[in-house]
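Overview (structure and organization)
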Number of protein chains: 2
Amino acid sequence: MKTPAEPLFTPPPTTHNHQQCVHNALKTAETLCVERGVQLTSIRHQVLELIWESHKAVKAYELLDRIKPLQNAAKPATIYRALDFLITQGLIHRVESLNAFVGCRCSGRQHEQLLLICKQCEEVEERTASQVMQALAEEFQRAGFTAHSKAVEVHGLCQRCAGLSSE
Amino acid sequence: MKTPAEPLFTPPPTTHNHQQCVHNALKTAETLCVERGVQLTSIRHQVLELIWESHKAVKAYELLDRIKPLQNAAKPATIYRALDFLITQGLIHRVESLNAFVGCRCSGRQHEQLLLICKQCEEVEERTASQVMQALAEEFQRAGFTAHSKAVEVHGLCQRCAGLSSE
DNA sequence: TAGAATGAGTTATATTATATCATCTGCTCC
DNA sequence: GGAGCAGATGATATAATATAACTCATTCTA
């Protein structure tokens, strides 16, 4: 049931050790869920693992297709429920502008980050961007607005892709 | 064909003169389209007008329902094409986190604004927030990211609604 | 007048997401 | 042990959002 999933994706061409990266993310998730007394069930774990296969944002129905070999009975609701759980626990981000989901690197803590989405390699980089958040807070102050949740998403070219295309 | 549309909505309880506000928006749109040599056709004008009926973000299928009395043949594509046009011309914003659309107050110019979305009255306030944009630009610099388009959307309570609920 | 460009009509379908009710599983309390 | 509860999942259906692809009409202009 907890098959490590076939490498259905092209690993990111970055130099980072992705296997380690995924391993950390899953371990952190497991620990956090224990601490919080919530259940990282088999399905939820599998969905999280599938999301972490790459640093690209993944669509819900893509996850559904990929999880079917492991969970024959999987239906849209299966995926959406798992996604809800993972979002609530701060383990993944929903990328609003793509209707897609990406693993959260700062698992479970601060969950409102700047997302930099590369149009070319499609990878999503998450940044804390405290100065941006600070400027936002000041703007809310001026506007008399009480913020509950933020989505700060930027599309463009990541450093690597911009470098390649300008050569 | 250019019926001013029945008041299907509750006008915003703000003190502003909404009729004037809509009038300005439409006039500006008309002028801009002439300047740019693009056609603000009857359908496009109607959709823009419907969007401006309130300061809430409107769903595409809501627009479809509302435009049907005026454009009997209207289909989803009718609306989505008009929306595409209006977005391209910078006359409306797409609110990514709601899959909805709202009139743009800074028509046609700077089109990347901070959107403050009230969970209670549902109105969307648009702010230029140059300090936020500046902080974003600096963050892109640090990340080596080339930004093409931004969505900065915040959900919460507007001043008015926060005031009311805290009384 | 042919042909390109643009907008709109029409039909079909793809994609994304939720509602609802039934069932199962593990736990607690008696 | 069994009743009852809560949380998770199964199963079915359908809602909501969005696009594709082809046609036709209009306008402009070469």
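Residues numbered from 1 in each chain as written. Chains lettered and ligands numbered in written order. Predicted model: local features only at pLDDT ≥ 70, side-chain atom pairs only at ≥ 80, totals over all residues. Heavy atoms only, no water.

1. Considerations on the protein's contact with DNA strand C
Heads up, the condition is: Nearness here has a simple test: a residue counts as near a molecule or strand if at least one of its heavy atoms is within 4 Å of that partner. Whenever a nitrogen or oxygen atom comes within 3.5 Å of another N or O atom, the pair is scored as a polar contact, on the condition that within protein one atom can donate a hydrogen and the other can accept it, and that pairs from neighbouring residues in sequence are kept only if both atoms are in side chains. Only DSSP runs of H or I covering at least 4 residues are called helices, and only runs of E covering at least 2 are called strands; the numbering of each starts at the N terminus.
Close to DNA strand C lie 17 residues; Lys 59, Tyr 61 and Arg 94 of chain A together with Thr 41 and Arg 81 of chain B are nearest. Across the atoms of DNA strand C situated within 4 Å of the protein, the share located in sugar and phosphate is 48%. Within the side chain of Lys 59 of chain A, a nitrogen or oxygen atom sits 2.7 Å from a phosphate oxygen of DNA strand C. Within the side chain of Arg 44 of chain B, an N or O atom sits 3.1 Å from a phosphate oxygen of DNA strand C. Contributions of two or more residues to the surface near DNA strand C are made by α4 (76–88) of chain A together with α2 (42–51) and α4 (76–88) of chain B. For the surface near DNA strand C, the leading source of residues is α4 of chain A, giving four residues.

2. Focus on the nonpolar core
As a rule of thumb, nonpolar side chains are buried together in soluble globular proteins. Spelled out, the test is: Note on terminology: a nonpolar core comprises buried Ala, Val, Leu, Ile, Met, Phe, Trp, Tyr and Cys residues joined through side-chain atoms within 4.5 Å. The cut-offs for exposure are 20% and 50% of the maximum accessible area for each residue type, with area from a 1.4 Å probe on protein chains only; residues under the lower value are buried, those over the upper are exposed, and the others partly exposed. Residue contacts follow a heavy-atom distance rule, with two residues in contact if any of their heavy atoms lie within 4.5 Å.
Counting 36 residues, the largest nonpolar core has Leu 136 of chain A together with Leu 136 of chain B as the members making the most contacts within it. If near-sequence neighbours (up to four positions away) are discounted, Leu 136 of chain B is found in contact with Leu 114, Val 132 and Val 152 of chain A together with Lys 150 and Val 152 of chain B. Of all hydrophobic cores here, the second largest spans 28 residues; its members include Leu 40, Trp 52, Val 58 and Ala 74 of chain B.

3. Notes on the relation of the copies chain B and chain A
This is how it is decided: C-alpha atoms of residues with pLDDT of at least 70 in both copies form the basis for the least-squares superposition of the copies.
Placing chain B over chain A gives an RMSD of 0.0 Å and needs a rotation angle of 180°, together with 0.0 Å of translation along the axis. Taken together, the rotation angle and the small translation identify this as a two-fold axis. Distance from the rotation axis, computed per C-alpha, reaches its smallest value in chain B at Val 152 of chain B: 2.2 Å. The residues that chain B uses at the interface reappear at the interface of chain A in 100% of cases, marking a shared surface.

4. Quick notes on unusual backbone geometry
Positive phi values are uncommon outside glycine, yet Asn 99 of chain A reaches one of about 45°. Examined against the element boundaries, Asn 99 of chain A turns out to sit in the loop between β1 (92–95) and β2 (100–103). For Ala 129 of chain B, which is not glycine, the phi torsion reads 45° and is therefore positive. Mapped onto the secondary structure, Ala 129 of chain B falls in the loop between β4 (124–127) and α5 (130–143).

5. What to know about the confidence of the model for chain A
Where we set the bar: Note on scores: pLDDT gives the predictor's confidence for each residue, bounded by 0 and 100.
Put simply, chain A has an average pLDDT of 90, and 87% of its residues get 70 or more. Low pLDDT (under 50) marks residues 1–12 of chain A, which in the prediction has 20 contacts with non-local residues, meaning those over four places away or in another chain.

6. Overview of the sheet that holds strand β5 (residues 146–157) of chain B
Keep this limit in mind: Pairs of strands are assigned from DSSP output, requiring at least two bridges between the strands. The angle between two axes is taken between their N-to-C directions and runs from 0 to 180 degrees, where each axis is a line fitted to C-alpha atoms and a helix contributes only its stretch in contact.
Ordered in space as β4(A)-β3(A)-β5(A)-β5(B)-β3(B)-β4(B), the six strands form an open sheet in which the pairing is mixed. On the outer flanks of this sheet lie β4 (124–127) of chain A together with β4 of chain B, each paired with one strand and no other. Looking at each pair of strands side by side, their axes are set apart by 20° on average, direction ignored. The sheet contacts of helix α5 (residues 130–143) of chain A involve β3 (114–118) and β5 (146–157) of chain A together with β3 (114–118), β4 and β5 of chain B, and relative to β5 of chain A the element is tilted by about 135°. Docked against the sheet, α5 of chain B engages β3, β4 and β5 of chain A together with β3 and β5 of chain B, running at close to 135° with respect to β5 of chain B.

7. Description of the environment of His 148 of chain B
Within the fold, His 148 of chain B resides in strand β5. Apart from the residues within four sequence positions on either side, His 148 of chain B is in contact with Lys 119, His 155, Gly 156 and Leu 157 of chain A together with Glu 112 of chain B. In this structure the side chain of His 148 of chain B is engaged in a polar contact, spanning 3.0 Å, whose partner is the side chain of Lys 119 of chain A.

8. Some words on the packing of aromatic side chains
Where two aromatic rings form a pair, the distance of their centres and the angle of their planes describe that pair. All names here are of chain A. The test is simple: Each Phe, Tyr or Trp ring (for Trp, its six-membered ring) is paired with any other whose centre lies within 6.5 Å, and the angle between the two planes then decides the class: stacked below 30 degrees, edge-to-face above 60, tilted in between.
On inspection of all chains with the given rule, the structure shows four aromatic pairs over all chains. Taking the centre distance of 6.3 Å and the plane angle of 65° together, the rings of Tyr 61 and Tyr 80 count as edge-to-face. A residue pair is termed long-range when its members are at least 10 positions apart, and Tyr 61 in helix α3 (residues 60–67) and Tyr 80 in helix α4 qualify at 19 residues. On the basis of relative accessibility, which here comes to 37%, the residue Tyr 80 falls in the partly exposed class.

9. Things to note about the interface of chain B and chain A
Here is the rule: Accessible area, probed at 1.4 Å, shrinks when two parts are joined; the buried area is that loss added up over both. Here, a salt bridge means any side-chain nitrogen of Lys or Arg that lies within 4 Å of a carboxyl oxygen of Asp or Glu. In this count, Pro and Cys sit with the nonpolar residues alongside Ala, Val, Leu, Ile, Met, Phe, Trp and Tyr, while Asp, Glu, Lys and Arg are called charged and the others, Gly among them, polar.
In this assembly, 37 residues from chain B lie in contact with 37 residues from chain A. Both sides of the chain B and chain A interface together cover about 3,000 Å² of buried area, and 58% of this is carbon and sulfur. Our count for the contact surface shared by chain B and chain A stands at two salt bridges. Residues Arg 127 of chain A and Glu 139 of chain B are paired through a salt bridge, measuring 2.5 Å at the closest nitrogen-oxygen approach. Our enumeration of links across chain B and chain A arrives at 16 residue pairs in polar contact (both at pLDDT 80 or more). Secondary-structure elements contributing two or more residues to the side of chain B that touches chain A are β3, β4, α5, β5 and α6 (159–165) of chain B. With 12 residues, the top contributor of residues to the side of chain B that touches chain A is β5 of chain B. Among the residues making up the side of chain B that touches chain A, the classes are represented as 18 nonpolar, 10 polar and nine charged.

10. Considering the side chain of Glu 139 of chain A
Along the chain, Glu 139 of chain A falls in helix α5. Within polar-contact distance, the side chain of Glu 139 of chain A engages the side chain of Arg 127 of chain B at 2.5 Å. When sequence neighbours within four positions are dropped, the list of residues in contact with Glu 139 of chain A reads Leu 114, Arg 127, Ala 129 and Val 132 of chain B.

11. Examining helix α1 (residues 18–36) of chain B
All names here are of chain B. Note the cut-off: A helix is expected to span 1.5 Å for every residue after the first. What the arc covers is the set of directions going from the helix axis to the C-beta atoms.
Counted at 1.5 Å a residue, the expected span for α1 with its 19 residues is 27 Å, and the 27 Å between its end C-alpha atoms agrees. Every buried residue of α1 is listed here: His 18, Cys 21, Val 22, Ala 25, Leu 26, Ala 29, Leu 32 and Cys 33. When α1 is viewed along its axis, its buried side chains cluster within an angular range of 130° and face the same direction. Those residues of α1 that are exposed and angled more than 90 degrees off the buried face are Gln 19, Val 34 and Glu 35.

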